[in-house]
Amino acid sequence: MKKENIAQFIDYTLLRPDATKKEIKKLCKDALAYNFSSVCVNPCHVNYCKKLLGKNNVKVCSVIGFPFGASTTEIKVCEALDAVKNGADELDMVINIGALKSGDMRFVLNDIKAVRKAAGSRVLKVIIETCYLTKKEKITVAKLIKRAKADFIKTSTGFGPSGANLGDIKLIRKTIGSDIGIKAAGGIRTSFDALKFINAGATRLGTSRNLVKGS
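Thresholds, definitions, all that
- Residues numbered from 1 in each chain as written.
- Predicted model: local features only at pLDDT ≥ 70, side-chain atom pairs only at ≥ 80, totals over all residues.
- Heavy atoms only, no water.
- Helix = DSSP H or I, 4+ residues; strand = E, 2+ residues; numbered from the N terminus.
- Rg over C-alpha atoms; globule rule 2.2 N^0.38 Å.
- Buried < 20%, exposed > 50% of the residue type's maximum accessible area, 1.4 Å probe, protein only.
- Contact = heavy atoms within 4.5 Å.
- Lys, Arg positive; Asp, Glu negative; His and termini not counted.
- Charge placed at Lys NZ, Arg CZ, Asp CG, Glu CD.
- Core = buried A, V, L, I, M, F, W, Y, C linked by side-chain atoms within 4.5 Å.
- Expected span 1.5 Å × (residues − 1).
- Arc of directions from axis to C-beta.
- Axes fitted to C-alpha atoms, helices over the stretch in contact; angles between N-to-C directions.
- Parallel < 35°, antiparallel > 145°, perpendicular 65-115°, else oblique.
- Left-handed = near helix turned anticlockwise from the far one by under 90°.
- Nonpolar A, V, L, I, M, F, W, Y, C, P; charged D, E, K, R; others polar.
- Salt bridge = Lys/Arg side-chain N within 4 Å of Asp/Glu carboxyl O.

## Some words on the overall build of the protein chain
Next up, step 1: A count of helices and strands for the protein chain gives 8 helices and 8 strands.
Next up, step 2: Here the C-alpha atoms of the protein chain give a radius of gyration of 16 Å, agreeing with the 17 Å that 2.2 N^0.38 yields for 215 residues.
Next up, step 3: C-alpha extents for the protein chain along the principal axes are approximately 45 × 35 × 30 Å.
Next up, step 4: Across the 215 residues that make up the protein chain, the buried fraction comes to 53%.
Next up, step 5: Taking as baseline every contact in the protein chain between residues at least 6 positions apart, the subset at least 24 positions apart corresponds to 65%.
Next up, step 6: Within the protein chain, one finds 38 positive and 19 negative side-chain charges whose respective centroids are separated by 4 Å.

## A short note on the environment of Ala164
Next up, step 1: Mapped onto the fold, Ala164 is located in the loop between β6 (152-154) and α7 (166-176).
Next up, step 2: Note on Ala164: relative accessible area 14%, which makes it buried.
Next up, step 3: Sequence-wise, Ala164 and Ala99 are 65 residues apart; in three dimensions their C-alpha atoms are separated by 21 Å.
Next up, step 4: Apart from residues no more than four positions distant in its own chain, Ala164 is found in contact with Thr155, Ser156, Ala184, Ala185, Gly186 and Phe197.

## So, the nonpolar core
Next up, step 1: Val39, Leu91 and Leu205 are the most contacted members of the largest nonpolar core, which has 70 residues in total.
Next up, step 2: Sequence-distant contacts of Leu91, defined by excluding residues within four places in its chain, comprise Ser62, Ile64, Ala80, Ala83, Val84, Ala119, Val123, Leu124 and Lys125.

## Comments concerning helix α6 (residues 135-147)
Next up, step 1: In a regular helix each residue adds 1.5 Å, so 13 residues correspond to 18 Å; α6 covers 19 Å between its end C-alpha atoms and thus fits that length.
Next up, step 2: Within α6, burial applies to Glu137, Lys138, Val141, Ala142, Leu144 and Ile145. The buried residues of α6 occupy an angular sector of 160° when the element is viewed end-on, so they sit on one face. In α6, those exposed residues whose orientation departs by more than 90 degrees from the buried face are Lys135, Lys136 and Arg147.
Next up, step 3: Its buried side turned inward, α6 meets α4 (97-101), α5 (105-119), β5 (123-127), β6 and α7.

## Observations concerning the packing of α7 against helix α8 (residues 191-200)
Next up, step 1: At a minimum axis distance of 9 Å, the contact between α7 and α8 shows a crossing angle of 20°. Between α7 and α8, the angle is such that the two are roughly parallel. Crossing handedness for the pair α7 and α8: right-handed. Here Leu166, Ile169 and Lys170 of α7 come into contact with α8, specifically with Lys196, Phe197 and Ala200.
Next up, step 2: Tallied by class, the residues present in the contact of α7 with α8 amount to 4 nonpolar, no polar and 2 charged.

## A look at the pattern of salt bridges
Next up, step 1: Summed over the entire model, instances satisfying the criterion amount to 18 salt bridges.
Next up, step 2: Across the pair Arg16 and Asp18 runs a salt bridge, and its minimum N-O distance is 2.8 Å.
Next up, step 3: Between Lys50 and Asp89 there is a salt bridge; the shortest N-O distance is 3.0 Å. Note that Lys50 is positioned in helix α2 (residues 46-53) and Asp89 in the loop between α3 (73-85) and β4 (90-94), a separation of 39 residues in sequence.
Next up, step 4: Taking the relative accessible area as the measure of exposure, Lys50 reaches 27% and is therefore partly exposed.
Next up, step 5: Via salt bridges that share partners, Asp11, Glu90, Asp92, Lys125, Lys154, Lys183 and Arg204 belong to a single interconnected network.

As structure tokens, then:
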């Protein structure tokens, strides 16, 4: 794969709490110039990004229950509905990590299902924050996400102690097969990193770096 072909895998991301309107505008401008898959922004920027991107191929992705996943299901649903109303094409929701680690799988499953319903036809990616999970928990939650009919499993928020690693991508792909996409996020700094994750089974990459330009 050529370096420029990586662009189709990239969710170009700016989720810093201090991101300015000027920075968001540049994010969208660069995403259009390099034809990235989407821009991924906090909910307050969704409508602005939608206006900037217009009817081009670059999608707008918003985060739900971000970054801790500890909001109630009702709040996540409200966030999802609001993001969709404002023009979001894709949603990246964070699971309730504490519920998973407490063994409350029914809650985790229903939490995802509720956001899945609110998302409607929009793409739903479910962030599991792998750095906090055991191997068994990663396998369990991957199966739950598949049951909930989400479109992607996403490794990380980028705000945890560590981000994506190749071992997790391979484990998730082995667990879920080819039915669901995998988004690797956190710590992908070069085009070489990107290619390694793609070869391991990732079908989307979350990064704040322009891996095509090399910055």
